[in-house]
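Given next are the chains, with one letter for each unit.
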Amino acid sequence: MATMNILVAVCLVYVTFLFAVAFGAERAARQGQGGWLRSPLVYTLSLSIYCTAWTFYGAVGYAARSGMEYLTIYIGPTLVMIGWWWCLRKLVRIGRTQRVTSIADLISSRYGKSNLLAIGVTVLAVIGTTPYIALQLQSVTLSFSVFADASESNGALADMDSTALLVAMGLALFTILFGTRNLDVNERHHGVVIAIAVEAIVKLFALLCVGAFVVWGVVGGVDEMMARIDASEIGHWQMRGDRWASLIFLSAAAFLCLPRMFQVMVVENDDEGHLRTASWAFPAYLMVMSLFVVPIAVTGLDLLPEGSNPDLFVLTLPLAMGKEGLAMLSFIGGFSSATSMVIVAALALSTMVSNHIVMPIWLSLTGSGAMVSGDVRNVVIMARRFSIAGVVVLGYLYFRFSGGGAALASIGLVSFAGVAQFLPVLLGGVFWRGATRVGAFTGLSVGFVVWVYCLLLPSFGPDVLMPTQIMQEGLFGWSWLRPQALFGIEGIDPMVHAILWSISLNGLSFVLASMLGFPTPLERLQGAQFVNVYEHSSTPQSWSGNAAQSEDLMIMSQRILGAREAQALFESEARRQGVSGYLPDTTPDFLQALERALSGSVGTATAHAMIGQIVGGASVSVEDLLAVADETAQMMEYSNRLEAKSEEQARTARQLRQANEKLQQISVQKDAFLSQVSHELRTPMTSIRAFSEILRDSEKLSETEQVKYASIIHDEALRLTRLLDDLLDLSVLENGQVNLNIQQGQLSRVLDHAIASALTGSGQEGLKISRDTAQETVLLSTDLDRLSQVFINLISNARKYCDAEVPELVLRVTHRDDTILIDFIDNGSGISKNDQAVIFEKFARVGAMRAGGAGLGLAICREIMARLGGSVSYLPGQGGAAFRVILPASSAMAAQ
Ligand code: ADP
């Protein structure tokens, strides 16, 4: 029948639509028009990934099996949201000030940036999430099979495994496309967030439609519905206090600890204020989601044949009533719930796996040398992509091998209980300064082992992974070790039993081990940062980086953040410090800021280690220890104020020192200037005079001699004219008497012309020029001749001074906001940091003066660019000598 094909087509159209939405959102965000992308509404909707296929289909099944208990799954998050002021706000604030990228990152960062802990949390999160991803694949496949049965054409899609595989591949592709397009320093993904917000609306709408149809279309109104509910057994289900309490606790804990929830709630959050809206809007969303659960369950039990799977009522009810369109909508709703969960979970887990497992391994294999030369950025992105694929494949394998038999709800609860093991460590880390890394490790391990033993293994069914003998007699025959009756306490519901024991033993061992041990300085420092996050959102000084090489740091940062971001970061820091150029001093503040920026891409522990490798030395200075000791708020504030003041003084002093140094240099240069000018003029003058005297006085000169002397005179006169021209040009430019001749023309043409003029003449010594002409199609409106003069100068400098064996010059054009950056990067040995400060001065010649220029070229370039409203500067950290010309917005007409 056509239904299957239509269904597949609808899915494809829907996914394409999501792609388009995500793509559009990313574009808007890039162009800076994405303000609405970050509204509280979108934030609230993105939280709805809490409602996975488990809630969409499973809640009805849950209600059909256990009555109102399904509500606990909604009450937990509701309590968390209502109490946001107490806990969520703190998590979000910490997430923002510490640039946390995942829950593993938060925990590792809190406990002294311990990577071992991060690995533990990551592994636990992967183990806890895999069944859940399998669950989503299963629900999509099941819902497909419902249609397959209905249309009785089993041939086409009988192989449900391959359906699941296709779905898994599609989801992995989507996540890779939108989750790893670039490395955002804040680890935020506009496209993904907006796509899941759309899916949130779709699933809510679908469930409401099915609900409304059931109440008004099938049963015939609210009163009849109430009567039916009363009559059904759901109305009389007994409420079990212990199960309710522990399930509410469990769902609240999971809501805070699930990696995907942490991703949307903390990592993707960019305004604490959004929580205020979400605190009522999200519970409202949940309420509406759960509105029709019972009616659908009751009606399904009444009308559908005995033995139908209640997990699929949402789908089978409309189908049984012959409403294929509605069933299709409901299918899309379930599909949305499943896909958004898998996408965000894969994204969150891949960040953890790549930052805490792949990157540290890669770093230790390649050592610090590779950090400066290798392309870390690509490694990070590749690691992300493989991790995403890996996570989804794990989910698929679990689905394949578990057979997908168990009821949806129970897999969900097992997963919840797994990630809930993070709770003691998370809350302890945020509220208790005494919590230590050893404590965290102990607590997590104990909780994890208890969870595996009491819940995960038994959940596969008797004798699959857990022999019945152990179930009945306990491990090694010790009856107090029975998985469902630890310490001989019997008669509790197995789920309640597992939650109770795992969380309480976890918490207890965490607290005990923390109290017995003593935190390291870095742990204490981070502990103070986390617990008192509201008091000092400013940072402690954990780097003493006098020995640091800012150029090395810049090279490393460019590899991770990308050239543009890194240069912007360094430039703004240099400006803040009052230093000119791109290389700021490596103050502890700057290193701290840099560490934060890097941690967005590679995680805090790795960023800390990377900077540590370059800066060297201890990561905790004496000042840190003092800062940790200063526990009282007043002391903190006092020292903060002092610090600010002394920093201010240091900055002023630095500026003064720089100005002074420059003045001295200039005054030396001014003195040199006159003697330079007379010297430069005298040399050609002397030879002109000498040769013209010879010509005048000696009669017996041969024809050839006459020509030779005359051409020497001519050459010297030319050199003199050139020098005078340059001097004149410079003085005109400096006095601001130039008239600009504004014309329009293509940047590529200007470059063509400049290259041609710079390379003709002196024998084209094989300077290879590489360009990217695609970027050069920009229409300029400026003084093209003057601009060309600047380019000619830079290119001929590369020709004259580049000392590489195979000299090569790279011309790189980039567009930043509205300005155009044109970089001239050669592969010579570059210009040392001291010389960088003087080459733009008149008559400044540095290094071996092989080509014997007068040293006016760059000075003229600088003046010209200033007249054109742009600038030219030396760009450090590129390998060879590199100059950057910046053209202002006004000179670019429009990008073609
Ligand atoms: P000139 O006009 O004499 O070429 P410039 O002002 O253009 O002088 O350059 C000043 C100095 O800067 C040169 O003497 C040279 O040592 C150095 N310099 C300029 N460009 C480069 C380059 N691409 N590679 C190495 N050194 C350079």
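From a predicted model like this one, the values you see are computed outputs, not experimental measurements.

**Student:** Could you clarify how one ought to interpret the overall build of the chain in this entry?
**Tutor:** If you tally the helices and strands in the chain, you get 36 helices and ten strands. Partitioning the contacts of the chain with sequence separation of at least 6, the portion at a separation of at least 24 is 80%. On the chain, roughly 38,000 Å² of surface is accessible, and the fraction owed to carbon and sulfur atoms is 60%.

**Student:** What is the right way to look at the pattern of salt bridges in this model?
**Tutor:** Opposite charge on two side chains allows them to pair when their charged atoms are near. Enumeration over the complete set of coordinates arrives at 17 salt bridges. Note that Glu716 is salt-bridged to Arg719, the shortest N-O span being 3.9 Å. Residue Glu716 and its partner Arg719 are located together in helix α32 (residues 703-734), separated by three residues, close to a single helical turn. The class for Arg719 is partly exposed, based on a relative accessible area of 38%.

**Student:** What is the right way to look at the site of the ligand in this model?
**Tutor:** Around the ligand, a shell composed of 19 residues is seen, among which Asn797, Tyr801, Val846, Gly855 and Leu858 lie nearest. One of the side-chain nitrogen or oxygen atoms of Asn797 is found 2.8 Å away from an oxygen atom of the ligand. A distance of 3.0 Å separates an oxygen atom of the ligand from a polar backbone atom of Gly857. For the ligand, whose free accessible area comes to 550 Å², the fraction covered by protein is 93%. Secondary-structure elements contributing two or more residues to the shell around the ligand are α34 (784-801) and α36 (857-867). Of the residues forming the shell around the ligand, the biggest block, five residues, is contributed by α34. Residues of the shell around the ligand, tallied by class, amount to eleven nonpolar, five polar and three charged.

**Student:** Just checking my understanding: could you explain the confidence of the model for the chain for this structure?
**Tutor:** Detailed reading of predicted coordinates is not advised where the pLDDT is low. In this model, the chain carries an average pLDDT of 80, and 84% of its residues clear a pLDDT of 70 or more. Counting interchain partners and residues more than four positions distant, the pLDDT-below-50 stretch residues 544-548 has eleven contacts. Below pLDDT 50 for its whole length, residues 617-635 participates in 24 contacts with residues either more than four positions away or in separate chains.

**Student:** When you look at the pairing of strand β8 (residues 871-874) in this model, what are you seeing that I'm missing?
**Tutor:** On any regular strand, side chains alternate: one points to one face of the sheet, the next to the other face. Burial along β8 is one-sided: Val872 and Tyr874 are buried, and none of Ser871 and Ser873, which face the opposite way, are. Here β8 pairs with strand β9 (residues 882-887) via four bridges, running antiparallel. Paired with Tyr874 across the two strands is Phe883, which belongs to β9.

**Student:** How should I be thinking about the packing of aromatic side chains in this particular structure?
**Tutor:** For any pair of aromatic rings, geometry is given as the distance between the ring centres together with the angle between the planes. Under the criterion given, the structure shown has 20 aromatic pairs. Note on Phe570 and Phe590: the rings are 5.1 Å apart at their centroids and 85 degrees apart in plane angle, and the pair reads as edge-to-face. With Phe570 in helix α27 (residues 563-577) and Phe590 in helix α28 (residues 588-602), the pair connects residues that are 20 residues apart, well separated along the chain. Judged by its relative accessible area of 0%, Phe570 is buried. Overall, Phe590 belongs to the buried group, its relative accessible area being 1%. Both rings, one in Phe691 and one in Tyr709, keep their centres 5.2 Å apart while their planes meet at 35 degrees; by these two values the pair is tilted. With Phe691 in helix α31 (residues 633-697) and Tyr709 in helix α32, the pair connects residues that are 18 residues apart, well separated along the chain. Through successive ring pairs, a cluster of aromatic residues spans Tyr50, Tyr132, Phe255, Phe282, Tyr285 and Phe416. Over the aromatic face of Tyr111 sits the side chain of Arg110, whose NZ or CZ is 4.8 Å from the ring centroid. The cationic tip of Arg260 hangs over the ring face of Tyr132; the distance from NZ or CZ to the ring centre is 4.8 Å.

Rules and cut-offs
- Residues numbered from 1 in each chain as written.
- Predicted model: local features only at pLDDT ≥ 70, side-chain atom pairs only at ≥ 80, totals over all residues.
- Heavy atoms only, no water.
- Helix = DSSP H or I, 4+ residues; strand = E, 2+ residues; numbered from the N terminus.
- Contact = heavy atoms within 4.5 Å.
- Areas by Shrake-Rupley, 256 points an atom, 1.4 Å probe, with all protein chains shown as cover.
- Salt bridge = Lys/Arg side-chain N within 4 Å of Asp/Glu carboxyl O.
- Buried < 20%, exposed > 50% of the residue type's maximum accessible area, 1.4 Å probe, protein only.
- Near = heavy atom within 4 Å.
- Polar contact = N/O pair within 3.5 Å; in protein donor to acceptor, adjacent residues only side chain to side chain.
- Nonpolar A, V, L, I, M, F, W, Y, C, P; charged D, E, K, R; others polar.
- pLDDT = per-residue confidence, 0-100.
- Pairing = 2+ DSSP bridges.
- Phe/Tyr/Trp six-rings, centres within 6.5 Å; stacked < 30°, edge-to-face > 60°.
- Lys NZ or Arg CZ within 6 Å of the ring centre and 35° of its normal.

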